[in-house]
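Summary of structural features
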Amino acid sequence: MDDKGKLELMKDRIVKTYVIQKDIINPLSEDFDCTPEELEHVLFDLLDMSGLLSLHATFETAEYECLVKKFHADLRLCLFVNTLELISQDDADELKEKLAKQVMDGKDYSDVLKEGQKQLFQLLKNSR
């Protein structure tokens, strides 16, 4: 087997791991309405070996960042932090990060959002 063949084999072994298939390939191929193999080939073309090796860690980081942004939107923090300036950016960041960690630890998003809304209301009441 030549070097290119070995590289392709190593890349294939990386993306065929259970965790990458479960967390990245299968969900994204459904989102993109393509086969898992099509997505794998696209990732092969776009990412070098280092990128593929760090794919799952990068995914987890991005997932957390997206979750924080989702809480920002769902709690309407643009209104309370940026527009009305009733809550500090630091308090908003602390709240979003705390909530995102709870979801990452396995709690249901909607339950955590409800708790976050209560905490946001407390922040508003205490900002008088």
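Analysis parameters
Residues numbered from 1 in each chain as written. Predicted model: local features only at pLDDT ≥ 70, side-chain atom pairs only at ≥ 80, totals over all residues. Heavy atoms only, no water. Helix = DSSP H or I, 4+ residues; strand = E, 2+ residues; numbered from the N terminus. Rg over C-alpha atoms; globule rule 2.2 N^0.38 Å. Contact = heavy atoms within 4.5 Å. Axes fitted to C-alpha atoms, helices over the stretch in contact; angles between N-to-C directions. Parallel < 35°, antiparallel > 145°, perpendicular 65-115°, else oblique. Nonpolar A, V, L, I, M, F, W, Y, C, P; charged D, E, K, R; others polar. Phe/Tyr/Trp six-rings, centres within 6.5 Å; stacked < 30°, edge-to-face > 60°. Buried < 20%, exposed > 50% of the residue type's maximum accessible area, 1.4 Å probe, protein only.

Within the protein, the regular secondary structure consists of eight helices and zero strands. Taking 128 residues into account, the globule formula puts the C-alpha radius of gyration at 14 Å, and the protein, at 20 Å, lies well above it. Seen through its principal axes, the protein has C-alpha atoms that stretch 70 × 25 × 25 Å. Contacts in the protein between residues at least 24 apart in sequence constitute 61% of all its contacts with a sequence separation of at least 6.

Turning our attention to the packing of helix α2 (residues 18–31) against helix α3 (residues 36–46). Between α2 and α3, whose axes approach to 8 Å, the crossing angle comes to 110 degrees. If you check the angle between α2 and α3, you find them roughly perpendicular. Packed against α2, whose contacting residues are Gln21, Ile24, Ile25, Asn26, Leu28 and Ser29, the element α3 presents Pro36, Leu39, Glu40 and Leu43 at the interface. The class makeup of the residues in the contact of α2 with α3 is six nonpolar, three polar and one charged.

Before going further, it helps to examine the environment of glutamate 60. One can find glutamate 60 in helix α5 (residues 55–74). As a C-alpha pair, glutamate 60 and phenylalanine 44 span 16 residues in sequence and 19 Å in three-dimensional space.

The next subject is the packing of aromatic side chains. If you walk through the whole model with that rule in mind, you get one aromatic pair. Judged by centre distance (4.6 Å) and plane angle (25 degrees), the ring pair of phenylalanine 71 and tyrosine 109 falls under stacked. Separated by 38 residues along the polypeptide, phenylalanine 71 in helix α5 and tyrosine 109 in helix α8 (residues 109–126) bring together distant segments of the chain. Classification of phenylalanine 71 by relative accessible area gives buried; the value is 0%.

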